[in-house]
Structures are given as C-alpha cells and as structure tokens.
Amino acid sequence: MTGKFITIETSVVPLPIENIDTDQIIPARFLKATTRSGFGDNLFRDWRYDAKDEPVASFVLNNTSFTGQILVAGKNFGCGSSREHAAWALLDYGFRAVVSSFFADIFKNNALNNGLLPVKTSPEFLAKIFDAVDKEPETIVRIDLEKQEITLLPTCETEFFEINPYRKACLLEGYDDIDYLLSIKEDIENFEKNQKIFVDE
C-alpha cells in the first residue's frame, strides 16, 4: 500500500474526457514490469508524447499550470480491459485520488486494492470542479475520507461520496488485505479457540 490516506487539500489535474480506458491510462506495451514502480513515467503515454517521443504541449500533464494529487476526469473512467497497472501508474505519478461521475467496476476495485481513492460525484458537482479549475488552475479541492466528503474550497460546496466500509478502513490505516488480517490476528485466534471449545463440548 501507499501509506495511510489522510484528508488531502490540493490543486487538481483536470482531464475532461469521457470513457478513458485502461489502455489509454497505461498502454499495453508497458505492462512487462512486475514491480509497481516506474509506471508513472508512462501514464497516458500516447497522449503525453508524440510519435517522436516529444512532449505534447497541449496535454494537461505537460502543462505546469496544473499540478496536485487529485486527477479529475470525465465520466466512465477506467473502462476497457482489466489491468491493475492502471492504478499503479496513477499512484506512481503522484495521484492519491481520482474524481469522476462514474468508474468502471474493475478499475474501481483495483484502485481501492492499491491505495488509490476513486471518488464518484454527481455530474453536476464534477462540472463545477471543471468550471472552477478552468477559471483558476490553482483551485483547491479537499477530500476527507473519514467524513466521505469532497469539497470545492473556493465556494465551500461539499458532496458526500460512497465507499465500501472495509476499503475505507484499509485506506485510513494504509492496509492491504494481508495487513488487515494481521491487524485482527488476535481476534481471529480468539474466535478459533471459542469454536474449538464449542466443538469439544
């Protein structure tokens, strides 16, 4: 995991494109590595660089006006083939959360499993973020995982978002599935002892 997810207040990177699939997030030719590091260099590779491997000036990741730990994307983010590397690439680049009005289920699960928070908002709230950032690139957004709230700080508009309680607990503690099981090891052992007593009786 990437450490505990605490409340973040940060400027955002806007990518108002719908139906961004996992092959656009991290092209298949970069999936050979088995470790999670290094994928950030190839995040959105075919949009960031041209055929001569030169940066595309118009692409948002090449625009120094936009920085931050939150990627704000159009509807249906992470569709297409299942690849955990998409979450790895976003995390390795420096994102801790992705905001969209809809996420593909497989991407959403892969993101949560790896410490990347997908925040689903209403289309209206998403549009407000894009509009605010378009007017002021340094617009700050706050994500409070404990309260499950996302706030557009310039206007203080806040929206509640849903998250699986187990995944929320893991993110807050910085746990993966194995870490979580180890954290409740004593409870598991006590349960097993009680079960054995019940069977023996």
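Refer to the structure printed above.
Residues numbered from 1 in each chain as written. Predicted model: local features only at pLDDT ≥ 70, side-chain atom pairs only at ≥ 80, totals over all residues. Heavy atoms only, no water.

## Structural notes on the sheet that holds strand 5 (residues 140–144)
In sheet architecture, strand pairing relies on hydrogen bonds along the backbone and comes in two forms, parallel and antiparallel.
So, point 1. With mixed pairing, the seven strands of this open sheet are ordered in space as 4-3-2-1-5-6-7. With partners counted over all chains shown, the strands left at the sheet margins are strand 4 (117–120) and strand 7 (157–160), one partner each. Between one strand axis and the next, the sheet turns through 30 degrees on average, direction left out of account. (Pairing = 2+ DSSP bridges. Helix = DSSP H or I, 4+ residues; strand = E, 2+ residues; numbered from the N terminus. Axes fitted to C-alpha atoms, helices over the stretch in contact; angles between N-to-C directions.)

## Structural notes on the environment of Thr64
So, point 1. Following the sequence through the fold, Thr64 ends up in the loop between helix 2 (45–48) and strand 2 (70–73).
So, point 2. Residues Thr64 and Pro137, spaced 73 residues apart in sequence, show a C-alpha to C-alpha distance of 9.8 Å.

## A short note on the pattern of salt bridges
So, point 1. This structure, assessed with the given rule, holds six salt bridges.
So, point 2. Across the salt bridge formed by Asp23 and Arg83, the nearest N and O atoms sit 3.0 Å from each other. Residue Asp23 is found in helix 1 (residues 22–25), and its partner Arg83 is found in the loop between strand 2 and helix 3 (85–93); the two are separated by 60 residues along the sequence.
So, point 3. The class of Asp23 is partly exposed, set by a relative accessible area of 36%.
So, point 4. Ionic pairing is found between Lys128 and Glu157, a salt bridge with its closest N-O pair at 2.6 Å. Of this pair, Lys128 sits in helix 5 (residues 123–135) while Glu157 sits in strand 7; the two residues are 29 residues apart in sequence, bridging distant segments of the chain.
So, point 5. Overall, Glu157 belongs to the partly exposed group, its relative accessible area being 28%. (Salt bridge = Lys/Arg side-chain N within 4 Å of Asp/Glu carboxyl O. Buried < 20%, exposed > 50% of the residue type's maximum accessible area, 1.4 Å probe, protein only.)

## Quick look at helix 6 (residues 165–173)
So, point 1. Listing the buried residues of helix 6 in full gives Arg167, Lys168, Cys170 and Leu171. The buried residues of helix 6 occupy one face: seen down the axis, they fall within an arc of 165 degrees.
So, point 2. Regarding helix 6, its N-cap is Asn164, as a side-chain oxygen of that residue lies 2.8 Å from the backbone nitrogen of Tyr166 further along.
So, point 3. Following helix 6 by one or two positions, Gly174 has its phi on the positive side, about 75 degrees. (Arc of directions from axis to C-beta. Polar contact = N/O pair within 3.5 Å; in protein donor to acceptor, adjacent residues only side chain to side chain.)

## A word on the nonpolar core
So, point 1. Ranked by size, the top nonpolar core spans 53 residues in total, and within it Phe44, Phe77, Leu90, Phe107, Leu117 and Ile143 carry the most contacts.
So, point 2. Among all residues touching Phe107, those that are not within four sequence positions of it are Ile25, Phe77, Gly78, Ala86, Ala87, Leu90 and Leu116. (Core = buried A, V, L, I, M, F, W, Y, C linked by side-chain atoms within 4.5 Å. Contact = heavy atoms within 4.5 Å.)

## Notes on the packing of aromatic side chains
Given two aromatic rings, one states the distance between the centres and the angle between the planes to describe the pair.
So, point 1. Under the counting rule described, the total for this entry stands at eight aromatic pairs.
So, point 2. Three or more aromatic residues link up through ring pairs in this structure, and these residues are Phe44, Trp47 and Phe59.
So, point 3. Above the plane of the ring of Tyr49 lies Arg45, whose end atom (NZ or CZ) is 4.2 Å from the centre. (Phe/Tyr/Trp six-rings, centres within 6.5 Å; stacked < 30°, edge-to-face > 60°. Lys NZ or Arg CZ within 6 Å of the ring centre and 35° of its normal.)

## With respect to the pairing of strand 5
So, point 1. Sheet topology places strand 1 (residues 8–15) next to strand 5; four bridges connect them, and they run antiparallel. Across the sheet, residue Ser11 finds its bridge partner in strand 5, namely Ile140.
So, point 2. Taken together, the four bridges between strand 5 and strand 6 (residues 149–152) define a ladder with antiparallel strand orientation. Following the sheet pairing, Asp144 is matched in strand 6 by Glu149.
So, point 3. With antiparallel pairing between neighbouring strands as the criterion, strand 5 and strand 6 make up a hairpin whose turn holds four residues, including Gln148 at a positive phi of roughly 60 degrees.

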